[in-house]
Amino acid sequence: MEAVIPGIAAGVAEAALVQPLDLIKTRFQLNTKKNSSILRSAASIYREGGLSRFYRGGGVEIASIVVARSTCFIVFDSLKATVGTFIENDVAVSGATGVLAAIPEAVVVTPFQVVKIRMQSKECVGRYSSSSHCFRSILKDEGWLTLSSGLTATMFRNGIWTGIYFATMSHLSIFPTAVSGFLAGSFACLFNTPFDVVKSRLQLAPSGSTVPSLLLSISKSEGILSLYKGLLPKLLRMGVGGSISITVFTSVKSLMTV
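In this report, we go over the structure that sits alongside the text. This one's a predicted model, so the numbers in the text were calculated from it and none came from an experiment. (Residues numbered from 1 in each chain as written. Predicted model: local features only at pLDDT ≥ 70, side-chain atom pairs only at ≥ 80, totals over all residues. Heavy atoms only, no water.)

## Brief notes about the overall build of the protein
Applied cut-off: Working definition: helices are DSSP H or I runs of at least four residues, strands are E runs of at least two. Numbering for both runs from the N terminus. Put simply, the radius of gyration uses C-alpha atoms, and a globule should come to 2.2 Å times the residue count raised to 0.38. Only protein chains enter the calculation, and the probe is 1.4 Å; a residue is then buried if its accessible area is under 20% of its type maximum, exposed if over 50%, and partly exposed in between. Contact criterion: two residues are considered in contact whenever any of their non-hydrogen atoms come within 4.5 Å of each other. The accessible surface values rely on the Shrake-Rupley method and a 1.4 Å probe; as for residues, cover is taken only from the protein chains in view. When charges are counted, Lys and Arg contribute as positive and Asp and Glu as negative, whereas His and the chain ends are disregarded. Positions of charges follow a simple convention, taking NZ of Lys, CZ of Arg, CG of Asp or CD of Glu.
Along the backbone of the protein there are 9 helices and 0 strands. In sequence order, the protein lays out its α and β elements as α-α-α-α-α-α-α-α-α. Taken over C-alpha atoms, the radius of gyration comes to 18 Å for the protein, in line with the 18 Å a tight globule of 258 residues would show. Looking at the protein as a whole, 50% of its 258 residues are labelled buried. Pairs at least 24 residues apart make up 77% of the contacts formed inside the protein by residues separated by at least 6 positions. Accessible area of the protein: about 11800 Å², with a carbon and sulfur share of 68%. Between the averaged position of the 24 positive side-chain charges in the protein and that of its 14 negative side-chain charges there is a distance of 11 Å.

Set out below in structure tokens:
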């Protein structure tokens, strides 16, 4: 359990610094029409509510990342040695352990993500006054099962990203942690973004659609490139986030073992 405090520290640091990029990414993914540039979107969000608008839903996002990173790092540290008894290649061990760590991570983080998506979406700006109000409204109006919306898509999204992230980190071990974290976080986004788009759509408006059917529906109605909506802000958000989280995690863990 020595990964708990470093995991929490990594989550808080990441959330505090990348929240504006996460908001823009979410807005891009939910938009069914053509998106503007990151700068124009940022200006629009600023006009909408000032600097504080970039941190709308910030509390639940911090909670989400803390829970996600803590769970992921704890499970990863706990399972890596066991996985290593079945697989010899270090990169493969890291990748496989990352995929396994993403499953419980997705389960615990999905309710937070549902609230976060609602809070960040432009359509819900006037509907919810706070994250707690959003949570209570979902329970009252839609039922507790709504908080599990997009769980399957989240498992795919997190499993792909985490597996590739840790495998790439292992492969890039010759680089400084911050550099390899940025490169690994960005690289993994190239493979999981379609599932992230589907997750966001399902969590804003649960439809009962399966992940494959929604992937196909978005491709047909908006074009296949729409499955990569928000890729640029996501690359920046996950690259910076991946760099910050692994740097803080390893630094705090080292301090605790001194």
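Resuming the write-up.
## Let's talk about the packing of helix α1 (residues 4-30) against helix α2 (residues 38-49)
Each pair of packed helices can be described by the angle between their axes along with the distance between the axes. Put simply, the rule is: Note on geometry: axes are lines fitted to C-alpha atoms, helical ones only across the stretch in contact, with angles between N-to-C directions running from 0 to 180 degrees. Roughly parallel here means an angle under 35 degrees, roughly antiparallel means over 145, roughly perpendicular means 65 to 115, and every remaining angle is called oblique. Amino acids are sorted into nonpolar (Ala, Val, Leu, Ile, Met, Phe, Trp, Tyr, Cys and Pro), charged (Asp, Glu, Lys and Arg) and polar (every other residue, Gly among them).
Between α1 and α2, the least distance of the axes is 10 Å, while the angle of their chain directions is 100 degrees. Judged by the angle between their axes, α1 and α2 are roughly perpendicular. Seen from α1, the contacting residues are Leu23, Ile24, Arg27 and Phe28; seen from α2, they are Ile38, Ser41, Ala42, Ile45 and Glu48. Looking at the contact of α1 with α2, its residues break down into 6 nonpolar, 1 polar and 2 charged.

## Focus: empty space enclosed by the protein
So the rule is basically this: Any residue with an atom within 4 Å of a point lines the site, the site being either a cavity, points on a 1 Å grid over the protein atoms alone where a 1.4 Å probe fits but cannot get out, or a pocket, an open set with protein on both sides within 12 Å along at least 5 of 7 lines. Grid points are joined across faces, edges and corners, and a volume is the space filled by probe spheres set on the points.
Considering all chains together, one arrives at 2 cavities of 30 Å³ or more under this definition. As a volume, the largest cavity reaches approximately 250 Å³. Counting only elements with at least two residues in the lining of the largest cavity, the list comes to α1, α3 (58-84), α4 (90-120), α6 (151-171), α7 (177-204) and α9 (231-256). Looking at the lining of the largest cavity, the element that brings in the most residues is α3, giving 6 residues. Grouping the constituent residues of the lining of the largest cavity by class yields 6 nonpolar, 5 polar and 11 charged. Here the second largest cavity defines a volume of roughly 60 Å³. Of all the secondary structure elements, the ones that give two or more residues to the lining of the second largest cavity are α3 and α6. Ranked by the residues each element gives to the lining of the second largest cavity, the list is headed by α6, at 4 residues. For the lining of the second largest cavity, the residue count by class is 5 nonpolar, 2 polar and 1 charged.

## Let's talk about α1
What counts, and what does not: Each residue after the first adds 1.5 Å to the expected span of a helix. At every residue, the bend is computed as the angle between two fitted axes, covering the seven residues ending there and the seven beginning there respectively.
End to end, α1 covers just 33 Å across 27 residues, shorter than the expected 39 Å (1.5 Å per residue, more than 12% under). The sharpest bend along α1 measures roughly 60 degrees and falls at Val18, with the proline Pro20 sitting one to four residues further on.

## A short note on the packing of aromatic side chains
What counts here: Pairs were defined over the aromatic rings of Phe, Tyr and Trp, the Trp ring being its six-membered one, requiring ring centres within 6.5 Å. Orientation was assigned from the angle between planes: stacked under 30 degrees, edge-to-face over 60, tilted for the rest.
Per the stated rule, a full pass over the model turns up 7 aromatic pairs. Ring centres of Phe73 and Phe166 lie 6.1 Å apart, and the angle between their planes is 80 degrees; this geometry places the pair in the edge-to-face category. With Phe73 in helix α3 and Phe166 in helix α6, this residue pair connects regions lying 93 residues apart in the sequence. Of the two residues, Phe73 and Phe166, both sit in the buried class. Where Phe187 meets Phe191, the ring centres are 5.1 Å apart and the plane angle is 75 degrees; that geometry is what we call edge-to-face. Here the residue Phe187 and the residue Phe191 both occupy positions in helix α7, the gap between them amounting to 4 residues, near one helical turn.

## Comments concerning the side chain of Arg53
Residue placement: Arg53 occurs in the loop between α2 and α3. The class for Arg53 is buried, based on a relative accessible area of 16%. Filtering out sequence-adjacent residues up to four positions away, Arg53 remains in contact with Leu23, Arg27, Ile45, Glu48 and Val125.

## Side note on α4
Let me state the cut-off plainly: Any pair of nitrogen or oxygen atoms within 3.5 Å is treated as a polar contact; in protein, a donor-acceptor pairing is required on top of that, and neighbouring residues in sequence qualify only through side-chain atoms on both sides.
If you check α4, its first and last C-alpha atoms are just 39 Å apart, much less than what 31 residues at 1.5 Å a residue would give, namely 45 Å. For α4, the principal kink sits at Val109 and spans about 45 degrees; a proline, Pro111, occurs within the next four residues. A side-chain oxygen of the first residue of α4 lies 2.9 Å from the backbone nitrogen of Val91; this N-cap is Asn89.

## Some thoughts on the packing of α1 against α3
Defined as follows: Should the near helix be turned counterclockwise from the far one by less than a right angle, the crossing is left-handed, whereas a clockwise turn marks it as right-handed.
At a minimum axis separation of 7 Å, α1 and α3 run at an interaxial angle of 140 degrees. Viewed along their axes, α1 and α3 adopt a mutual orientation that is oblique. Taken as a pair, α1 and α3 cross one another with a handedness that is right-handed. Together, Val4, Gly7, Ile8, Ala10, Gly11, Val12, Glu14, Ala15, Gln19 and Asp22 of α1 and Gly58, Glu61, Ile62, Ile65, Val66, Arg69, Ser70, Phe73 and Ile74 of α3 make up the contact between the two elements. In terms of residue class, the contact of α1 with α3 is made up of 10 nonpolar, 5 polar and 4 charged.

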